[in-house]
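Examination of the molecular architecture
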Amino acid sequence: MLINKVEQVKSSGGIKTATNDVPDDLYLVCASYEPRSVAATESLSLDYKARKGIIYINKEFYSGASSESIRSNIIRLQTILEQRCDSVELAIGSWLDVKSQLEVLKSTLLPAKPEQSKEWTSTIDITSFNREVLLTSVALLRVGVIRSRIKVIYVSPHSHGQWLSRGFRGIRNVMGLSGIQSPSKQSLLVVLSGFEPDRTIRIIEEHEPRLVLLGLGDPPTNQEFLLRNREEMKLVLARQDVKEFEFPTASIQECLDVLQKLLKNYLQDYNIILAPMSTKLSTIAAFLVAECHPEVQITYALPGEYNTKDYSTGADNVYEDWLPELITR
Amino acid sequence: MSRFIDNNSLQLENPFHVESPEKLSPRQVVELFISDYTRIETVKQRKHTFIWGSRGSGKSMMFRFLEPQCQSIFYGGYEEYLSRSDAFLAIYCPIKEGALKKTELLLLDDYQRLIIVEHMMNMFVAYRTMDSLRTQIPQERISHDQCTQFAWQVAQLFDRASIAPSIQEANTRVKIEDSPMLWLQILFDNEIRKINSFLHTKAMYKTEAVYEGATSGYHDFLMPLMRLVQSIMMNGSLPVYVLLDDAGKLTDNQEKLLLTKNQQCIINSWVANRDQATLCLKVSAERAAYKTYSTRDGALIEEPHDYSSIDVDELYTKSKTNYFEKVKLIANRRLELSLVPTKDITEFLPPNKEEELLLAEFKKQTREEWHTAKEPGRQNDYVTRYATARLFQHLRKTKKRKSYAGFGNIVDLSSGVIRAFLEPCYLMFDECKSSGTDIPSISHIPSNIQDDVLFRYAEELVLKKFDEIREGLPPEKWTLVDALATLIASLGQLFYERLHDPDAREARLFSFTVRGRVPDDIDQVLQLGVRYRYFQLRTYSTKEGGGREKWYILNRRLCPVYKLDPSGFEGRISLTAEALRLACENPQKFVRMRLKQNINQSSDHEHPTLFVLEEETDDAN
């Protein structure tokens, strides 16, 4: 894994393809209202090449209050990618309608005819995806493509807004990651928590698990984020049957190792539900846990609305990481 | 944090600690469960039954109590339990979020989805049944000679080719003759995996997914399975009671709603068969969350032909009602299981002495007043109607805080939901303990502590709770939350004014009915109020006859905030849709208009009245 300031990345030649000197088959980015949603693409090296560039957009944002900033970000992304990709496509999905979200992702991400012998390489800027779309995208690229090599880029912000999301529309398992539940086992909910205590509480109340393991992001991507994470989760930790643990937020592999070790003690006796609500890198680690243990379900709390006006500011560090080879138990 | 000190010793650190029934051992369930006044006898009858109730009203506890292990502990042994003429074999099936309502099901067409949902539910019930036979019934109660044959017969209920891989899987894991029930569990588990694998493929691949597992229905699987279960029980043909817990959870999410309806549709189809002698269904849910009574074929199930129902949320809480007695028994049992020296809840939660004396004085006064008022009605009714009101009026005049301390008051404030009684008591006990008193020295909860907690508990409902509701809903529904908060404030103020008005004839108003058609937006506010338990909803016969109107009773937990009398409700207010709208928008104007209108009413009978007060009759249901 590589961590550098945005400026450093740019000055040292920029972001390379998933496999050095080999053009990517896919470059995937989500255009959002956050300023950092263009930072990774702006940091691509001049010789970066991909066969296909996809800019994913949630249609609700495209026509909502933040449409102006999104449109300008799309244009910025398109301009850059047109110079580096053979083709550039807009994938207009929906964060509300899970069916159309899946259909759009399936039709745009998966190759028409998977080539068994060839390794399919992708670079995904995971910065601005909502977690459900990110998890579904990664799942599709890992499951639907026979040999897949995925590099992810994440850009952390300078700061987050006072609130990130508000309200609640319901919970649902992420498509393709519903797990396998034994009817006689009780459930265990593992939350990788962030700054959204209300959504966390809703997930607990909806699942009514026998036990909750609440993860605090430590080490964090920024020390201030850990303080806020602790503060926001105080109420959740005060609830009955909630145990605390820590997980690293900035490394897929390290976070995966912590989760694997943690869950080893519970897999036999519980139906495990995983709720990634922290960094996108730890969200990928959660996916890998579910990939390794198909019994694990990944759950998602659909927010009422996002803070499109003031979600985050700036672009701080660029994290470059690779998904490990397919993990088997 | 207060916990059960020990799994087996059943000693409660805090006598009012609430634990999820699923976490309790059978012995703890039996120790804690009070069967009196719960209408459990209706549930035990061989008839499909719906058990309606809010979260925390005791539905799951009742279901757990019906499980074989609990029943055998309760009756003093398996022989005693199983040889009863009304014995049954109960299979507890808690429906958990995420296990049956999988998002991938949305990718199937309606017809395919119903087939898969029914198969999932069948496998779920079948698995739980085998689990029960393995873990809840002593092996000598099951005819072992027949068990291997039983397992084969069950496997043959499926299409032979479709089930072959699952049989093969079960054979590799365990020998059928060694453990036939486990063998079947593995087989069902494999079927569950096949469904999940199909759903996964459907979601993740571009190619068309083909379901290769078995399917199962009611007539070709579930019923024959239960007949076979009956055949292996040593005690003969016990009916199998399938207890489906939480068959409906309230949600605003349309996708979830669709999956919930599919599930309920399957349950209704099972209910419609009326095979209670073999398979009897007991279904628990929040009433408002049970969204359809339609079967798969589009027919409707009807009460009482197809099922009976009970509502575990109680309406009446006064002394001598079932609910009052039930709470008393539950609380006393809990005191027995704790280290506190007092074992009588009425002594443990004493009322405020000073107020008791005052009330006695007002009772004496109103008794005398009844004579001077030319003896209207019965004297006791007159005293009940006015003495408490006089007390409230006196306290307002002397600027004293109304005390809600005392067991009877707290039962009233709990508005018919047992958890709403236990929760504040838990907090009161915790407060006593944190002040440094040893548990064995806590002989009672001082009335000032009771009052402080009850006020905070009520305040939470008018302040914090609305924020929580808002956070639990999408932004487009937040205006409904605001309207509900205003409506509650309007009603609180209105009822306060009535209670504190020395001239008011109906001082203890606490509920309302709605006259005429309610516009959708106002109806949504009322529904939200019912959903979050600001109101209890019942129906009432209309004065004109020939119909019933909705009757909304304010949650009495609110009383300490609005200084209202929780001890009962005489009469109700009939509101028009316009008045309700005003109450949702402007409490001050709403209360003023009512008072003004009342004055107008006496001087000018031609004017339409905003409020009509009607006497309560006894035909509420």
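Residues numbered from 1 in each chain as written. Chains lettered and ligands numbered in written order. Predicted model: local features only at pLDDT ≥ 70, side-chain atom pairs only at ≥ 80, totals over all residues.

**Some thoughts on the interface of chain B and chain A**
Short version of the rule: Throughout, a residue-residue contact means that the two C-beta atoms, derived from backbone geometry, are no farther apart than 7 Å. The helix count covers DSSP runs of H or I at least four residues long, the strand count covers runs of E at least two residues long, and both are numbered beginning at the N terminus. Under the scheme applied, nonpolar residues are Ala, Val, Leu, Ile, Met, Phe, Trp, Tyr, Cys and Pro; charged residues are Asp, Glu, Lys and Arg; polar residues are all the others, including Gly.
If you look at the interface, chain B gives 36 residues, while chain A gives 37 residues. Mapped onto the side of chain B that touches chain A, the elements with two or more residues apiece are α6 (110-135), α9 (180-204) and α11 (254-272) of chain B. By residue number, the principal contributor to the side of chain B that touches chain A is α9 of chain B, which donates eight residues. In terms of residue class, the side of chain B that touches chain A is made up of 14 nonpolar, seven polar and 15 charged.

**Some words on the sheet that holds strand β6 (residues 148-155) of chain A**
Pairing between sheet strands relies on hydrogen bonds along the backbone, with the strands arranged either parallel or antiparallel. Residues and elements named next belong to chain A. The line we're drawing: Only strands that DSSP links by at least two bridges are regarded as paired with each other. Here an angle of 0 to 180 degrees is reported between the N-to-C directions of two axes, which are lines fitted to C-alpha atoms, with helices fitted over the stretch in contact.
In spatial order, the strands read β1-β15-β6-β5-β2-β3-β4; together these seven strands make up an open sheet with mixed pairing. Both outer strands of the open sheet, β1 (2-5) and β4 (85-93), are each paired with one neighbouring strand and no more. Averaged over all adjacent pairs, the angle separating strand axes in this sheet is 15°, with direction ignored. Where strand β3 (residues 50-58) meets β4, eight bridges bridge the pair, whose relative direction is parallel. Bridge pairing links Lys52 to Ser87 in β4. Those strands touched by helix α4 (residues 67-84) are β2 (24-30), β3 and β4, and its axis lies near 175° from that of β3.

**What to know about the confidence of the model for chain B**
Residue and element names in this part refer to chain B. Our working rule: The predictor attaches a confidence to each residue, and that confidence, scored 0 to 100, is pLDDT.
The share of residues in chain B with pLDDT of 70 or more is 91%, and the mean pLDDT across the chain is 88. Here residues 1-7 scores under 50 on pLDDT; set against residues more than four positions off or in separate chains, the count is 12 contacts. In the model, residues 615-621 has pLDDT below 50 throughout and makes 10 contacts with residues more than four positions away in sequence or in other chains. Both confidence scores are given for the complex: pTM 0.89, ipTM 0.94.

**Topic: unusual backbone geometry**
Following Asp218 of chain A, the chain continues to Pro219 of chain A via a peptide bond in cis, the omega torsion being 5°. Counting through the fold element by element, Pro219 of chain A comes out in the loop between β10 (211-217) and α8 (223-232). In the segment running from Glu303 of chain B into Pro304 of chain B, the intervening peptide bond is cis, with an omega of 10°. Residue placement: Pro304 of chain B occurs in the loop between β4 (279-285) and β5 (308-311). The phi dihedral of Glu208 of chain A is positive, around 45°, even though this residue is not glycine. Within the secondary structure, Glu208 of chain A sits in the loop between α7 (197-207) and β10. For Arg274 of chain B, which is not glycine, the phi dihedral falls at a positive 50°. Secondary-structure assignment places Arg274 of chain B in the loop between α11 and β4.

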